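# Observations on chain architecture
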Amino acid sequence: MRSWVVTLCCLVASVAWAQKTVTVVASYTYNVPENVTVEQAKTTALERAKVQAIADEFGTLIGQSNSTLVTNENGKSDTHFSSIGRSDVNGEWIETIGEPQYAINYEQGMLIVNVKVKGRIRKLSGPKIDLAVNILRNGTELKYESDDFRNGDDMYLHFQSPVSGRLLVYLVDYTARQVYCLLPYSQQADMAQPIEQGREYLFFSAKSVAAEERQVVDEYTLTTDKKMEQNEMVVIFSSGELAKANTSASEGLLPRAMSIDHFNKWLAEMRIKDKNIQIINKSLTIKN
């Protein structure tokens, strides 16, 4: 197995707004393993830069989780990644300012991706809700959980929360620069999906609901005309009120959509106004 090393730096710039957000500029250099594509490497590098910026500013919640070790000594965090440690840090990334800047190089046959990103972060105001979020491929049981899809695979979402609230689900297509609203369903009148405390939900499966409700359910099959495509599912939950973003009708059978810029601006405003919001991002790979 080939090993790899990362180098990073983080510069804290200024404290901003009454919401106690902090503006940071973070950079991360990722020496990419052989089985990872350029697009996957760019996504990984960006996420790790964000995680490190938050850990440096606000510290961590736990020392180790999901094979991710984050330590903090003498006020400086050092992150040893074997997976994204977004859930380990004591803060959240609120908004990206401008576009991330990437530098892609090859040294001794190894792909190296460097990213520099500016954004606003905020310290967590309370404990995170223990949400269960599982993306399922071609099956509706948890054993079918996967983030690796083939062209034509069916996708389902399992969700459970220990508290009642509201739920929104979006799919980010980085190639098309579009964000699609998956939940609430297109024919659903609710501004967000109501969630009952402790109840297990299986979304995007008509068979999982009563017969009289099936005509409302949208079912999704993931497709691509490329060799590989990288998408991201954004799951947004709040124990308070929640309302979906304004979207426009898409061509064909695609869900209603908005631009990535519109989505990022709307999401940043939502996070600033509502500290009850919790967001889980899930990367999806679709191969042909």
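Residues numbered from 1 in each chain as written. Predicted model: local features only at pLDDT ≥ 70, side-chain atom pairs only at ≥ 80, totals over all residues. Heavy atoms only, no water.

### A word on the packing of aromatic side chains
Enumeration over the complete set of coordinates arrives at seven aromatic pairs. Relative to Phe 204, the ring of Tyr 185 lies with its centre 6.3 Å away and its plane at 70°, an arrangement referred to as edge-to-face. Of the two residues, Tyr 185 is situated in the loop between β12 (178–183) and β13 (193–195) and Phe 204 in the loop between β14 (200–203) and β15 (220–222); the sequence distance between them amounts to 19 residues. Given a relative accessible area of 7%, Tyr 185 falls into the buried group. Judged by centre distance (5.5 Å) and plane angle (10°), the ring pair of Tyr 201 and Phe 203 falls under stacked. No difference in accessibility class separates Tyr 201 from Phe 203, as the two residues are buried. Feature note: the residues Tyr 170, Phe 263 and Trp 266 constitute an aromatic cluster, connected by ring pairs. (Phe/Tyr/Trp six-rings, centres within 6.5 Å; stacked < 30°, edge-to-face > 60°. Helix = DSSP H or I, 4+ residues; strand = E, 2+ residues; numbered from the N terminus. Buried < 20%, exposed > 50% of the residue type's maximum accessible area, 1.4 Å probe, protein only.)

### Digging into the nonpolar core
Counting 31 residues, the largest nonpolar core has Met 155, Phe 159, Leu 167, Leu 182, Phe 203, Phe 204 and Met 233 as its most contacted members. Top element by residues in this core is strand β10 (residues 153–160). It accounts for four residues. With residues near it in sequence (within four places) discarded, Phe 204 still touches Met 155, Tyr 156, Leu 157, Val 169, Leu 182, Leu 183, Tyr 185, Val 217, Asp 218, Glu 219, Tyr 220 and Met 233. The next biggest cluster of nonpolar side chains, apart from the first, holds 23 residues, and it includes Val 51, Ile 54, Phe 58 and Val 115. (Core = buried A, V, L, I, M, F, W, Y, C linked by side-chain atoms within 4.5 Å. Contact = heavy atoms within 4.5 Å.)

### Side note on the pairing of strand β11 (residues 165–173)
Burial analysis of β11 places eight of its nine residues in the buried class, the great majority of the element. Bridge analysis of β11 against β13 gives three bridges, and the strand direction is antiparallel. Pairing of Gly 165 across the sheet is with Ile 195, part of β13. Note that β11 and strand β16 (residues 228–238) share eight bridges and pair antiparallel. (Pairing = 2+ DSSP bridges.)

### Details of the side chain of Glu 229
Position of Glu 229 among the secondary structure elements: in strand β16. The side chain of Glu 229 is buried and forms no salt bridge, while Lys 226, the nearest opposite charge, is found at 4.4 Å. Here Thr 224 takes part through its side chain, which lies 2.8 Å from a polar atom of the side chain of Glu 229. (Lys, Arg positive; Asp, Glu negative; His and termini not counted. Salt bridge = Lys/Arg side-chain N within 4 Å of Asp/Glu carboxyl O. Polar contact = N/O pair within 3.5 Å; in protein donor to acceptor, adjacent residues only side chain to side chain.)

### Focus on the pairing of β12
The element β12 is extensively covered by neighbouring structure, given that five of its six residues are classed as buried. Bridge analysis of β11 against β12 gives five bridges, and the strand direction is antiparallel. Looking at the pairing, Tyr 170 lines up with Cys 181 of β12. Taking the residues between adjacent antiparallel strands as the criterion, β11 and β12 are bridged by four residues, where Arg 177 takes a positive phi near 60°. In this structure, β12 lies alongside strand β17 (residues 257–259), joined through three bridges in antiparallel fashion. Opposite Gln 178, over in β17, you have Ser 259 as the bridge partner.

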